[in-house]
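Here is what each chain is made of, one letter per residue.
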Amino acid sequence: MVDGVLKYIPNLIEYFDEFLISIQETLIMLGVSGFFSFVFGLTFGVVLVVTRPKGILPHPIVHEVLDRIVNFFRSIPFIILLTALIPLTRIIMGTGLGVKGAIVPLVFGATPFFVRQVDMALSNVDHGLIEAAQSMGATPFEIITRVLLRESIPSLARGTTITLISLIGLTAMGGAVGGGGLGAFVIRYGHNRFMSDITYVSVLVILILVSLVQGIGNYVVKKTTH
Amino acid sequence: MIELRNITKTFNLENKSIHAVNNLTLTIPEGSIFGVIGESGAGKSTLVRCINLLERPSNGEVVHHDVDFMRLKPDELLKVRKKIGMIFQQFNLFTSRTVYENVAFPLKGMKTEDVRKKVVELLTLVGIEEKINAYPSQLSGGQKQRVAIARALANDPDVLLCDEATSALDPQTTQQILSLLNDLNRKLGITIILITHEMAVIKAICTHVAVMDGGNLVETGKVVEVFSEPKHPTTKSFVKSTHQAERFIELLRNPQGTFKISPEDDILRIDFVGSQTADPLISHISRRYQVDTNIVYANIDIIQDVPLGTLVVILSGSVEGRRSAIEALRNSVKVEVISHG
């Protein structure tokens, strides 16, 4: 039985060590860039929402500038971002190649997307709740942490799920310009050397990864929606 | 006592500015249940938000316990707000928090066991202690408003602002919430400021009323006084909305209507307040002046334990008798001659 299956994936078996390393690299890229995108996205998203003209800390200049930066980076196709950011990546990470080289563009690619998710989630918090908190003497910081963020946990979980899944796609694309991970692995063998079995199995792994993220996301949303 | 002095709130829209509240001065007595009534857009919601400065007035003073809120620093204002509870039409409970957590929200910084004790005490006070672990989505409108009231009372405020607090509730639940507010006012001595567009709400619990129209204060005073002698057209139309005397009189005047009035009869409208009782008076004048008095409409409102009555009577008899009877009536009650025979 096992032999029967193995017969169909000769190339994968041959490069199995590299396959495992690639999965690990994908997970590292996903974890590190996911973490930074989450932190930056949440911060900028909160700033964007509270500095709005009708927000709790209105500041037109900060809002306008941030809004334009986010739009600017969102409008650059990721493949261009990857190459355009190489000089910056070299300064930050010391290299423009491999897993390390992929993380900076990944953060730049995913953060603006997540900022919009946060923006949407926080904007949907009923203004009445903010007013109620204000009437109870809550400070702006308390309103952000105890009302805005707390009340939008389900939508933030949804946004995080979507962002992580598109980040998985982006990590694979990173392979095209000398990043690591499953994307690079597939291009190197599955595409350039016509080893289709490597392509199929890698896609399967990515599919499992996406399902896992979606599953966890759905669970969190379900548990936090009352 | 809360004093609003020359409060103006102007909203600047793109091409025009709107005076939501226009140079309004109002004194709210300590311990009163003060109703503010007006049509939608009259500026009453803006006015109530000017009291805790959720809307900062463009101009004016908000004085409570000799402190002008307009002069407070931001952190001082936050402290003051803890002593002014507020409830809303849409309840505004935190959906991600249980009833317990909602009421505990303003009690940040207290020890957990103290919070627990206070929350249970508050929920018992508003009669919803059994729902302590429920989420707002599991509660009915009336229950949500009870939780909101408990939350608003958490920091032992001496003022409670109610912004259309019963407008989203059915009539029966409205009565329950109003009587709860009345109880709280008596038990805790808390001043309640209540915004509404329904005269029935004012009638049910308010001691004082202010009538707003187009951002202006048009009439204010004790509810009984404003009710028994409305002066401004807006007030009159609100008072009219609560009983049908006016509609009835229109029906009387209609020649094609159900009532056949002899051309020799007088139609009178009699209004009386409190202890002036009309019945012996009417039988008295009937006997004394030899007139027949037919009561065709009668209505009594009880406002703040004072009965407020309206009668429509048809008077028939000799011209002399009728004139004397009307004069005699005028000595003790308010009489309006609707038509002379």
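Quick caveat, the model's predicted, so the values are computed rather than measured.

Thresholds, definitions, all that
Residues numbered from 1 in each chain as written. Chains lettered and ligands numbered in written order. Predicted model: local features only at pLDDT ≥ 70, side-chain atom pairs only at ≥ 80, totals over all residues. Heavy atoms only, no water. Contact = heavy atoms within 4.5 Å. Buried area = accessible area lost by both parts, 1.4 Å probe. Salt bridge = Lys/Arg side-chain N within 4 Å of Asp/Glu carboxyl O. Polar contact = N/O pair within 3.5 Å; in protein donor to acceptor, adjacent residues only side chain to side chain. Helix = DSSP H or I, 4+ residues; strand = E, 2+ residues; numbered from the N terminus. Nonpolar A, V, L, I, M, F, W, Y, C, P; charged D, E, K, R; others polar. Domains from an automatic or database assignment. Pairing = 2+ DSSP bridges. Axes fitted to C-alpha atoms, helices over the stretch in contact; angles between N-to-C directions. Phe/Tyr/Trp six-rings, centres within 6.5 Å; stacked < 30°, edge-to-face > 60°. Buried < 20%, exposed > 50% of the residue type's maximum accessible area, 1.4 Å probe, protein only. Lys NZ or Arg CZ within 6 Å of the ring centre and 35° of its normal. Left-handed = near helix turned anticlockwise from the far one by under 90°. Patch = residues over 30% accessible without salt bridge, like charges linked within 9 Å, V, L, I, M, F, W, Y side chains within 5 Å. Areas by Shrake-Rupley, 256 points an atom, 1.4 Å probe, with all protein chains shown as cover. pLDDT = per-residue confidence, 0-100.

**Q** How should I be thinking about the interface of chain B and chain A in this particular structure?
**A** Interface extent is often summarised as the accessible area lost during association of the parts. Taken together, the contact pairs 22 residues of chain B with 18 residues of chain A. When chain B packs against chain A, close to 2,000 Å² is buried across both sides, 53% of that on carbon and sulfur atoms. On the chain B side of the contact with chain A, Phe-94, Ser-96 and Phe-105 of chain B bury the most area, a combined 26% of that side's loss. At the junction of chain B with chain A, the criterion picks out three salt bridges. At the surface where chain B touches chain A, the tally comes to nine residue pairs in polar contact (both at pLDDT 80 or more). Listed by contribution, the elements that provide at least two residues to the side of chain B that touches chain A are helix H2 (74-82) and strand S6 (84-88) of chain B. Along the lines of polarity and charge, the residues of the side of chain B that touches chain A split into ten nonpolar, five polar and seven charged.

**Q** Just to check I follow, could you spell out the domain arrangement of chain B for this structure?
**A** Residue and element names in this part refer to chain B. Its domain assignment divides chain B into domain 1 (2-232) and domain 2 (245-340). Using only C-alpha atoms to locate each centre, domain 1 and domain 2 end up separated by 41 Å. A combined buried area of about 710 Å² lies between domain 1 and domain 2, and 65% of that area is made up of carbon and sulfur atoms. For the domain 1 face of the interface with domain 2, the top three residues by lost area are Lys-203, Val-224 and Ser-228, together amounting to 63%. Summed over the shared surface of domain 1 and domain 2, the result is one salt bridge. The salt bridge partner of Asp-301 is Lys-203, with a shortest N-O separation of 3.1 Å. Of all the secondary-structure elements, those providing two or more residues to the side of domain 1 that touches domain 2 are helix H7 (199-205) and helix H8 (223-228).

**Q** Whenever I open this one, the sheet that holds strand S7 (residues 159-163) of chain B confuses me. Can you help?
**A** The pairing of strands in a sheet comes from backbone hydrogen bonds and takes either a parallel or an antiparallel form. Residues and elements named next belong to chain B. What the six strands build is an open sheet, ordered S6-S7-S8-S3-S9-S10; its pairing is mixed. With partners counted over all chains shown, the strands left at the sheet margins are S6 and strand S10 (216-222), one partner each. Across the sheet, the mean angle from the axis of one strand to that of its neighbour is 15°, orientation sign disregarded. Relative to S10, strand S9 (residues 208-213) is paired through six bridges, and the arrangement is antiparallel. By the bridge assignment, Ala-210 is partnered in S10 with Thr-220.

**Q** Would you mind going over the packing of aromatic side chains with me for this structure?
**A** Two aromatic rings are characterised by how far apart their centres lie and by the angle between their planes. One pass over the structure, following the stated rule, counts twelve aromatic pairs over all chains. Aromatic side chains Phe-73 of chain A and Phe-108 of chain A sit 5.2 Å apart centroid to centroid with 55° between the ring planes, which places their arrangement in the tilted category. Taken together, the residues Phe-73 of chain A in helix H4 (residues 60-75) and Phe-108 of chain A in helix H7 (residues 98-123) connect sequence positions 35 residues apart. Between the aromatic rings of Phe-248 of chain B and Tyr-297 of chain B, the centroid separation amounts to 5.2 Å while the plane-to-plane angle is 35°, which identifies the pairing as tilted. With a gap of 49 residues between them, Phe-248 of chain B in helix H10 (residues 245-253) and Tyr-297 of chain B in strand S12 (residues 292-303) connect regions that are remote in the sequence. A single burial state applies to Phe-248 of chain B and to Tyr-297 of chain B, both of which are buried. Taken together, Tyr-15, Phe-16, Phe-19, Phe-185 and Tyr-189 of chain A form an aromatic cluster joined through their ring pairs. When the ring centre of Phe-94 of chain B is taken as origin, the NZ or CZ atom of Arg-97 of chain B, which lies over that ring, is 5.8 Å away.

**Q** I tried to follow the packing of helix H3 (residues 16-50) of chain A against helix H12 (residues 196-224) of chain A on my own but got confused; where do I start?
**A** When two helices pack together, their arrangement is captured by the angle between the axes and the distance separating the axes. All names here are of chain A. Between H3 and H12, whose axes approach to 12 Å, the crossing angle comes to 35°. You can see that H3 and H12 cross each other, and the crossing is right-handed. The residues of H12 that touch H3, namely those facing Phe-19, Ile-23, Thr-26, Leu-27 and Leu-30, are Val-201, Ser-202, Val-205 and Leu-209. Split by residue class, the contact of H3 with H12 holds seven nonpolar, two polar and no charged.

**Q** What should I look at first to understand the side chain of Arg-49 of chain B in this one?
**A** For Arg-49 of chain B, the location among the structural elements is in helix H1 (residues 44-51). If near-sequence neighbours (up to four positions away) are discounted, Arg-49 of chain B is found in contact with Glu-131 of chain A together with Leu-54, Glu-55, Met-86, Phe-88 and Asp-163 of chain B.

**Q** Sorry, what's going on with a nonpolar patch on the surface here?
**A** Residues and elements named next belong to chain A. Where nonpolar side chains cluster on the molecular surface, the patch consists of Phe-35, Phe-36, Phe-38, Val-39, Phe-40 and Phe-44 and spans about 520 Å² of accessible area. Within the element layout of this structure, Phe-38 appears in helix H3. Judged by relative accessible area, which is 34%, Phe-38 ranks as partly exposed.

**Q** So what exactly am I meant to see when it comes to the pattern of salt bridges here?
**A** Inspection of the entire model under this criterion finds 20 salt bridges over all chains. Across the salt bridge formed by Arg-188 of chain A and Glu-18 of chain A, the nearest N and O atoms sit 2.6 Å from each other. One end of the pair, Arg-188 of chain A, is in helix H11 (residues 181-191); the other, Glu-18 of chain A, is in helix H3, and 170 residues separate them in sequence. The exposure class assigned to Arg-188 of chain A is partly exposed, which follows from its relative accessible area of 37%. The class of Glu-18 of chain A is partly exposed, set by a relative accessible area of 29%. A salt bridge links Asp-68 of chain B to Arg-71 of chain B; its shortest N-O distance comes to 3.2 Å. In this structure Asp-68 of chain B comes out as buried when scored by relative accessible area, which is 12%. If you follow the salt bridges from partner to partner, you end up with Arg-52, Asp-67, Arg-116 and Asp-119 of chain A in one network.

**Q** Help me understand the confidence of the model for chain A in this model?
**A** One rule of thumb: low pLDDT means the predicted coordinates there are not for detailed reading. Chain-level pLDDT for chain A is 92 on average; 99% of the residues reach the 70-or-more range. At the low end of the mean pLDDT range in chain A sits helix H1 (residues 2-7) of chain A, at 77; at the high end sits helix H9 (residues 140-151) of chain A, at 97.

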